[in-house]
Amino acid sequence: MSSPTTTTRSNTKSWSIYGRREITSKYDIKERIGSGAYSDVYRALRRSDGFPVALKEIHDYQSAFREIEALQTLHNSPNVVVLHEYFWREDEDAVLVLEYLRTDLASVIKEAKRGSGMSVGEIKRWMVQILLGVDACHRNSIVHRDLKPSNLLISDDGVLKLADFGQARILLEPGFVRSVDDLQHHEQNAPTQDNSFPSEQPEVITAVDDLRDQARVNQGQVIVNKEEFLRDMVEQKAKSSAMDDLDKDSNIHDGDISCLATCTTSEMEDDPLKGSYTYEPDGGEGSYGPLTSCVGTRWFRAPELLYGSTNYGMEVDLWSLGCIFAELFSLEPMFPGTSDIDQLARIFNVLGNLTEETFPGCSKLPDYKMISFCKIEKPLGIEACLPNRSPDEILLIKKLLCFDPTSRATAMELLHDKYLNEEPLPVPTSELRVPLTKCAPDEDSPGDWYDYRETGSDSDFDEFGGVNVTKTDTGFSIRFD
Ligand SMILES: Nc1ncnc2c1ncn2[C@@H]1O[C@H](COP(=O)(O)OP(=O)(O)OP(=O)(O)O)[C@@H](O)[C@H]1O
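For clarity, every value in this text was computed on a predicted model and none was experimentally measured. (Residues numbered from 1 in each chain as written. Predicted model: local features only at pLDDT ≥ 70, side-chain atom pairs only at ≥ 80, totals over all residues. Heavy atoms only, no water.)

Here the focus is the nonpolar core. As a rule of thumb, nonpolar side chains are buried together in soluble globular proteins. Of all hydrophobic cores here, the largest spans 97 residues; its most connected members are Leu105, Ile130, Phe165, Phe325 and Leu328. The element best represented in this core is helix H12 (residues 315–330), accounting for 10 residues. Setting aside anything within four residues of it in sequence, one finds Phe325 in contact with Met127, Ile130, Leu131, Leu396, Ile397 and Leu400. (Core = buried A, V, L, I, M, F, W, Y, C linked by side-chain atoms within 4.5 Å. Buried < 20%, exposed > 50% of the residue type's maximum accessible area, 1.4 Å probe, protein only. Helix = DSSP H or I, 4+ residues; strand = E, 2+ residues; numbered from the N terminus. Contact = heavy atoms within 4.5 Å.)

This is how it looks when you write it as structure tokens:
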């Protein structure tokens, strides 16, 4: 999702890649194929042999740092996009040379919805590939934090790969991840490393050290020294905090305040469910842990994040998986929230209220006391969102979409799940139907109000019978009766 602020930033920067001789001498840059909150992505051909690549120019220091760190760590994982090399010089954006993947799961879902449908065998093969990618991340203590169909890229021969690790973090211990402050602290004792691009999968800590100690390198040349690197990092952090006020959805800075706490007054005023909750702006605890809750795209964001948790773990990815898998079954987004509060309301409408019984400890979440929802007497249940799906399929989603993060099934557990290992079995990858193009990014931007409106007429939410959508000056209003 690009905000006006970030679009301007992207447009200003997007020409810079053409002026970088170290890149243009090696790659013939073709058209721009995408742009995200922090990046512009170009298709390019390697001059030596015409090999296609994607050049991802990342305009945000921290995102670049995180993406390289994660992709280096996951270097040998078949279901993670390959980072071939990267260029990063002082005063320039990082440019990552990635394997080129023509389409993504959002496009597959869109195509299926247009009429071709998706067989159970196909759904299972997509699931298995996603689970293998997520399992690789979690085994390496990496939490992706932005899993969604458009970040699951697909090759022409049907291989699905996790991409966009700009929000990824390496967990140090359950519930905690390395923050910029940690990096600064560790920096003092870390040994200097060789500067070449790693050819083998590094240890998790080595990968972090690679980035921190080498500062940015390419072709064996140290480009930024440690002091400059740390100074930049501190400046970046300061800039980032200021930007949080402008665009809470697209700026991710660990240690900052939670999502609900950053909702503007006007957002609260405009919230369609204003009548069904009460909001206490000064509520909640004053101290936030080392992680930001403002990660991921809203539709796929776990309830603990929506309530401002700052010491969450890999389970946030498992909630996102539940939303993605449900979308594979229904071809509709599971919880297409229009604001963080609307997001929570949609979840509660299906699963019931969040209470100490369903998630022990939830009342201690930073924003729990800031907002109270009306009691949902009769939650719709996941079954109502996935009509015509089998009990085993419903059960699979229930294993992921549970309030208590510790109850969510892990990627490895799901890979062994009965559902994925019984008839009809996953089809071979070669039999998957892969669209030849990617749907335009703006068509697939979770959170955009028109997305919900467009899918509204045949949405599963119609089945609920109790959703009233009214267009307003600022967007639309939803009320659950
Ligand atoms: N390896 C690749 N091959 C082909 N297209 C790619 C590749 N990597 C990214 N893209 C496309 O470029 C666009 C932006 O990429 P990406 O999502 O990684 O950037 P971002 O700035 O982190 O985005 P977001 O704002 O969605 O988080 C997307 O449309 C994506 O499909």
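Across 6 bridges, the pairing between strand S1 (residues 27–35) and strand S2 (residues 39–46) is antiparallel. Paired with Ile29 across the bridge in S2 is Ala44. Taking the residues that link successive antiparallel strands as the turn, the S1-S2 hairpin has 3 residues. Strand direction decides the pairing type here: S2 and strand S3 (residues 52–58), joined by 7 bridges, are antiparallel. For Asp40, the partnering residue across the bridge sits in S3 and is Glu57. Between S2 and S3, which pair antiparallel one after the other, the connecting turn spans 5 residues, and Gly50 there sits at a positive phi close to 75°. (Pairing = 2+ DSSP bridges.)

On to helix H5 (residues 120–139), then. At 3.6 residues per turn, the α-helix brings residues three or four places apart onto the same side. Look at H5: 28 Å from first C-alpha to last across 20 residues, which is about the 28 Å you get at 1.5 Å a residue. The element H5 is largely enclosed, with a buried count of 16 among its 20 residues. Ser141, located one to two residues past H5, shows a positive phi value of around 60°. (Expected span 1.5 Å × (residues − 1).)

Below, the discussion takes up helix H3 (residues 61–73). Between the first and last C-alpha of H3 there are 19 Å, a value that for 13 residues agrees with the 18 Å anticipated at 1.5 Å per step. Measuring from the side-chain oxygen of the N-cap residue of H3 to the backbone nitrogen of Gln62 gives 3.3 Å; that N-cap residue is Asp60. (Polar contact = N/O pair within 3.5 Å; in protein donor to acceptor, adjacent residues only side chain to side chain.)

The strand order S1-S2-S3-S5-S4 describes an open sheet built from 5 strands, whose pairing is antiparallel. Only two strands of the sheet have a single neighbouring strand rather than two, namely S1 and strand S4 (83–87). Strand-to-strand twist of the sheet, defined as the mean angle between neighbouring strand axes without regard to direction, takes the value 25°. Where S3 lies against strand S5 (residues 94–99), 6 bridges are found, and the strand directions are antiparallel. (Axes fitted to C-alpha atoms, helices over the stretch in contact; angles between N-to-C directions.)

Below, the discussion takes up the site of the ligand. Taken together, the neighbourhood of the ligand is formed by 22 residues, with Ala37, Ser39, Lys56, Asp164 and Lys438 sitting nearest. The separation between an oxygen atom of the ligand and a polar main-chain atom of Ala37 is 2.7 Å. Separating an oxygen atom of the ligand from a side-chain N or O atom of Lys438 is a distance of 2.8 Å. Here the ligand has 620 Å² of accessible area as a free molecule, and 90% of this is covered by the chains. Of all the elements in the fold, those that place two or more residues in the shell around the ligand are S1, S2, S3 and S5. No other element matches the 3 residues that S1 contributes to the shell around the ligand. Here the shell around the ligand is composed, by residue class, of 11 nonpolar, 5 polar and 6 charged. (Near = heavy atom within 4 Å. Areas by Shrake-Rupley, 256 points an atom, 1.4 Å probe, with all protein chains shown as cover. Nonpolar A, V, L, I, M, F, W, Y, C, P; charged D, E, K, R; others polar.)

Reading across from one edge, S6-S8-S9 is the order of the 3 strands in this open sheet, with antiparallel pairing throughout. Of all strands in the sheet, those with a lone pairing partner are strand S6 (103–104) and strand S9 (160–162), marking the two edges. Both S6 and strand S8 (residues 152–154) contribute to a ladder of 2 bridges, which runs antiparallel. Looking at S8, one finds that Thr103 is bridged to Ile154. Packing of H5 onto the sheet brings it into contact with S8 and S9, and relative to S9 it is tilted by some 30°.

Turning to the packing of aromatic side chains, a few remarks are in order. Taken as a whole and judged by the stated rule, the model has 9 aromatic pairs. Grouping aromatic residues by their ring pairs yields a cluster made of Tyr307, Phe348, Tyr368, Phe373 and Phe403. (Phe/Tyr/Trp six-rings, centres within 6.5 Å; stacked < 30°, edge-to-face > 60°.)

The UniProt entry lists Lys56 under the feature "binding site: ATP" (unreviewed entry), expressed in the numbering used here. Its location among the elements puts Lys56 in strand S3. According to the relative accessible area criterion, Lys56 is buried, its value standing at 9%. Setting aside its immediate chain neighbours within four residues, Lys56 contacts Ser39, Asp40, Val41, Glu67, Ala94, Val95, Leu96, Leu98 and Asp164. (UniProt positions renumbered as here; feature names shortened; annotations may be inferred.)

Let us now look at the pairing of S5. When you tally the buried positions in S5, you get 6 out of 6 residues, the bulk of the element. Inspection of the sheet shows S4 paired to S5 by 4 bridges, in the antiparallel sense. Residue pairing in the sheet places Phe87 in a bridge with Val95 of S5.

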